[in-house]
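What follows is each chain in one-letter form.
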Amino acid sequence: MTQERLWQVLDPSWGDLRALSALLCSSAAAVGLLRWLGRRQVQQRMDEARRSRHLALERMEKAARRFKQENPSNQSSQILSLTMVELAEKLKEGSLSPESVLYSYMDKALEVNREVNCVTDFIHGCEDQLQELKKQKEKGLLYGIPISIKDHINCKGHISSGGMVKFLGQVKEEDSVIVQVLKHQGGIPFVKTNIPQTMINYDCSNLIFGQTLNPLNPQKSPGGSSGGEGALIAGGGSILGMGSDVAGSIRLPSSFCGLCGLKPTGNRISKQGVVGALMGMQSVTGVLGPMARDVDSLALCMKALLCQEMFQLDPTVPPIPFNDQVYSSSEPLRVGFYEGDGYFQPSPSMIRAVQLTRRLLQDAGHTLVPFAPPKIDYMVDELFTRGIFSDGAAHLVDCFKGDMVDPNLKSQYNTYRLPALLKRILAIILKPIYPRIARDLGALCGVGSAKNLWDQHRAGAAYRREFITKWRQLRLDVILCPMLGPAFNHGYAGKLFAATSYTHLYNVLDFPAGVVPVSAVTRADEEELKQYRGHYGDPWDRRLREAVEGAVGMPVAVQCVALPWQEELCLRFMREVEALARGTKKSV
């Protein structure tokens, strides 16, 4: 009786408790139904994207098969064995036809894709471009070279998914500037390649197109976010790829897959015509750049891109042509080096790779000078993490509205979406036990205001000046430093985003940085890894050891760095390291 009167006082229409219960149940059922309908709609959009990919690859396979039937004597294996420079020469002199090269790589890309799932789309306009190319009198620097393109770089008539449902169905009406310039130089973009969801991860998996595997070892990740590029090129299905890099996304897959990759200075190459989860973020510099099997291929690509066509299409790109004289120089270099950054202890093979390269450079007559990057903890927490997530990761979290989260990204996503107050409380609790993780949580709260964002930008500029001052005091030409590796086991990249400290330093600084494979993981490296404890002894250190286990025979790389706008010097240094390291990569 008392309960009934209470409900009547609260609202006469709720006098019957059973009616209220029914209302609550029906409301819950309605919410559940709406969620189910939303997930079903997401699933339908993903299914449609997969069907489109299947049809595109089917079309690609028919074209490749038709060419093989019409040209049974085509020397595909010989074509695929050529370096890019050799291939470019034969195409220009006419001893190889663009058709034979394109269809050979199409066939090989299909084969690699069946093994590692790295191709997301066939750029079917490549066949029409091939016919147009034959009519041109002048042959560009990339005449007839097939080129793979990272998913989020726009190609006319195709989607740029970013690994996210929100971008599905948005067919692009024009090519990005970089694709236009590649075509102007005679290059033939022919496939788009897989990426991780949102691209803020260095594995290579999304719920639309699935997980990409490392062709050198399917138990390993190919790296990311340009992981589809890394897998396709390492598997032999592409000779040149276009990637992007905001924390190491060109350099990490190059390291994991045994390739060469270049992250240029931020605005050396046009970034017009890409999609992404961090569009508008200015604190850390994202770039586009090439990936290939050798340094000469990267240099040829940069020379082709840095042309009048790019400077006209995007006037914000400084009109600085490629300097061949700097790239071809053989003058001895003054090389700064370090074996660790003090934030993440490098794996045994990372240390050995730097030590090996240092000795080779010294024996070749170069001067090696110890160098210690200043204030690395501050750079990671205050300049990189607080910078790239200056909005408290709000834009990134918004990307998941109307989407589902890939399992490889859940650890990151669940942390990013925590309320700022809860992040701060957790940071205080964890500080005495896990200070590094606590600082990271604090930094993920972002800057909080426009005034603080200005202060953060000013702090980044001050750090850059401090770094350059130290560089010049030592009279350095370039820097040799570790490259994160070897390739991670699947599922670890999303739990170790901060381990990109070795690469994202040079996004914060906006310095050109490249990766060159110099050796392979040995059994001795694997044994030494068992003693790995890390600098902090926290869960991140334990995960890093687990992430790189079981990698005997996998490639190990080093990182080569130059000052801003000195891509040619960076590439020249990379070429020197590459030449000296020959013969050491297979030692196990």
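Residues numbered from 1 in each chain as written. Predicted model: local features only at pLDDT ≥ 70, side-chain atom pairs only at ≥ 80, totals over all residues. Heavy atoms only, no water.

S.K.: Just give me the short version of helix α8 (residues 227–234), but keep the residues and values in it.
M.R.: Of all eight residues making up α8, seven are buried, and the element is well covered by its neighbours. Along α8, the residues that are buried comprise G227, G228, E229, G230, A231, L232 and I233. (Buried < 20%, exposed > 50% of the residue type's maximum accessible area, 1.4 Å probe, protein only. Helix = DSSP H or I, 4+ residues; strand = E, 2+ residues; numbered from the N terminus.)

S.K.: Before we move on, can you summarise a nonpolar patch on the surface with the specific residues and values?
M.R.: Residues L421, L422, I425 and I429 make up a contiguous nonpolar surface patch of about 370 Å² in total accessible area. Inspection of the secondary structure assignment puts L421 in helix α17 (residues 420–430). According to the relative accessible area criterion, L421 is exposed, its value standing at 59%. (Patch = residues over 30% accessible without salt bridge, like charges linked within 9 Å, V, L, I, M, F, W, Y side chains within 5 Å. Areas by Shrake-Rupley, 256 points an atom, 1.4 Å probe, with all protein chains shown as cover. Salt bridge = Lys/Arg side-chain N within 4 Å of Asp/Glu carboxyl O.)

S.K.: Can you break down the pattern of salt bridges residue by residue, with the values?
M.R.: Following the criterion strictly, the structure yields 25 salt bridges and no others. A salt bridge links E567 to R268; the shortest N-O distance between them is 2.7 Å. Pair noted here: E567 is in helix α23 (residues 567–581) and R268 is in the loop between β7 (260–263) and β8 (287–292), with a separation of 299 residues, a long-range link. We classify E567 as buried; its relative accessible area is 0%. Here R352 ties to D525 by a salt bridge, and the two come within 2.7 Å at their closest N and O atoms. On the criterion of sequence distance, the pair formed by R352 in helix α13 (residues 348–363) and D525 in helix α21 (residues 523–529) is long-range, its members being 173 residues apart. Overlapping salt bridges bring together R268, E567 and E568 as one network.

S.K.: Go over the packing of aromatic side chains with me, naming the residues and quoting the values.
M.R.: Within this structure, the stated rule accounts for 18 aromatic pairs. Look at F67 and Y103: their rings are 4.7 Å apart centre to centre, the planes differ by 15°, and that puts the pair in the stacked class. Residue F67 is found in helix α2 (residues 17–70), and its partner Y103 is found in helix α5 (residues 98–116); the two are separated by 36 residues along the sequence. Neither residue differs from the other here; F67 and Y103 are each classed as buried. Ring centres of W471 and F511 lie 5.8 Å apart, and the angle between their planes is 85°; on these two criteria the pair is classed as edge-to-face. Taken together, the residues W471 in helix α19 (residues 450–473) and F511 in the loop between α20 (501–509) and β12 (513–520) connect sequence positions 40 residues apart. Residue W471 shares its accessibility class with F511, and that shared class is buried. An aromatic cluster of at least three residues, connected via ring pairs, comprises Y338, F371, Y378, Y463, F467, W471, Y506 and F511. Over the ring of Y492 we find K495; its NZ or CZ atom is 5.9 Å from the centre of that ring. (Phe/Tyr/Trp six-rings, centres within 6.5 Å; stacked < 30°, edge-to-face > 60°. Lys NZ or Arg CZ within 6 Å of the ring centre and 35° of its normal.)

S.K.: Outline the environment of D47, listing residues and values.
M.R.: In this structure, D47 sits in helix α2. In the structure, D47 is positioned 436 residues away from M483 in sequence and 37 Å away in space, judged by C-alpha atoms.

S.K.: Account for the pairing of β7, with residues named and values stated.
M.R.: Of the two faces of β7, the one carrying C260 and L262 and the one carrying G261 and K263 are both buried. As paired elements, β7 and β8 share two bridges and run antiparallel to each other. Residue G261 lies in a different strand from β8, and its bridge partner there is M291. Bridging between β7 and β12 involves three bridges; their strand directions are antiparallel. (Pairing = 2+ DSSP bridges.)

S.K.: Please set out the confidence of the model for the protein chain residue by residue, giving values where relevant.
M.R.: Residues shown with low pLDDT carry predicted positions that ought not to be read at fine detail. Looking at the protein chain as a whole, its pLDDT mean stands at 94, while 94% of the residues score no less than 70. Strand β11 (residues 478–482) holds the highest mean pLDDT among the elements of the protein chain, 99, whereas helix α1 (residues 2–10) holds the lowest, 43. When the criterion is pLDDT under 50, residues 1–15 qualifies, and its contacts beyond four places in sequence or with other chains add up to eight contacts. (pLDDT = per-residue confidence, 0-100. Contact = heavy atoms within 4.5 Å.)

S.K.: Report on the packing of helix α14 (residues 376–388) against α20, specifying residues and quantitative values.
M.R.: Relative orientation and spacing of two packed helices are given, respectively, by the angle between their axes and the distance between those axes. Two elements in contact, α14 and α20, have axes whose closest approach is 10 Å; the angle formed by their N-to-C orientations is 65°. As α14 packs across α20, the resulting crossing turns out to be left-handed. Contacts between α14 and α20 involve I376, M379, V380, L383 and F384 from the first element and S501, H504, L505 and V508 from the second. Residue composition of the contact of α14 with α20, by class: seven nonpolar, two polar and no charged. (Axes fitted to C-alpha atoms, helices over the stretch in contact; angles between N-to-C directions. Left-handed = near helix turned anticlockwise from the far one by under 90°. Nonpolar A, V, L, I, M, F, W, Y, C, P; charged D, E, K, R; others polar.)

S.K.: Quick one: what's the story with the environment of L57, residue by residue and with numbers?
M.R.: Mapped onto the fold, L57 is located in helix α2. What makes L57 buried here is its relative accessible area of 13%. Measuring from C-alpha to C-alpha, the distance between L57 and L529 comes to 42 Å, with 472 residues separating the pair along the chain. The residues contacting L57, other than those within four sequence positions of it, are L110, N113 and V119.

S.K.: Kindly report on the side chain of D541, identifying the contributing residues and their values.
M.R.: Along the polypeptide, D541 turns up in helix α22 (residues 539–548). The class of D541 is buried, set by a relative accessible area of 1%.

S.K.: Go over unusual backbone geometry, please, and point to the residues and values.
M.R.: In this structure, S225 follows G224 across a cis peptide bond, with omega equal to 10°. Within the element layout of this structure, S225 appears in the loop between β5 (210–211) and α8. In this structure, the amide linkage connecting G485 to the following residue, P486, adopts the cis form with an omega of -5°. Position of P486 relative to the elements: it lies in the loop between β11 and α20. Within the chain, T198 stands out as a residue other than glycine whose phi angle is a positive 70°. Relative to the helices and strands, T198 resides in the loop between β3 (188–193) and β4 (205–206).

S.K.: With reference to specific residues and values, describe the sheet that holds strand β1 (residues 119–122).
M.R.: Taken in spatial order, the eleven strands line up as β1-β3-β2-β6-β8-β7-β12-β13-β11-β9-β10 in an open sheet, and their pairing is mixed. At either end of the open sheet lies a strand with only one pairing partner, and these are β1 and β10 (367–370). The average angle at which neighbouring strand axes cross in this sheet is 30°, direction not considered. In this structure, strand β2 (residues 146–150) lies alongside strand β6 (residues 240–245), joined through two bridges in parallel fashion. By the bridge assignment, S148 is partnered in β6 with G241.

S.K.: Account for the packing of α14 against helix α18 (residues 435–443), with residues named and values stated.
M.R.: The geometry of α14 relative to α18 is characterised by a closest axis approach of 9 Å and an angle of 30° between their N-to-C directions. Classified by the angle between their axes, α14 and α18 sit roughly parallel to one another. Relative to α18, the crossing made by α14 is right-handed. Within the contact between the two elements, α14 uses D377, D381, T385 and R386 and α18 uses R439, D440, G442 and A443. (Parallel < 35°, antiparallel > 145°, perpendicular 65-115°, else oblique.)

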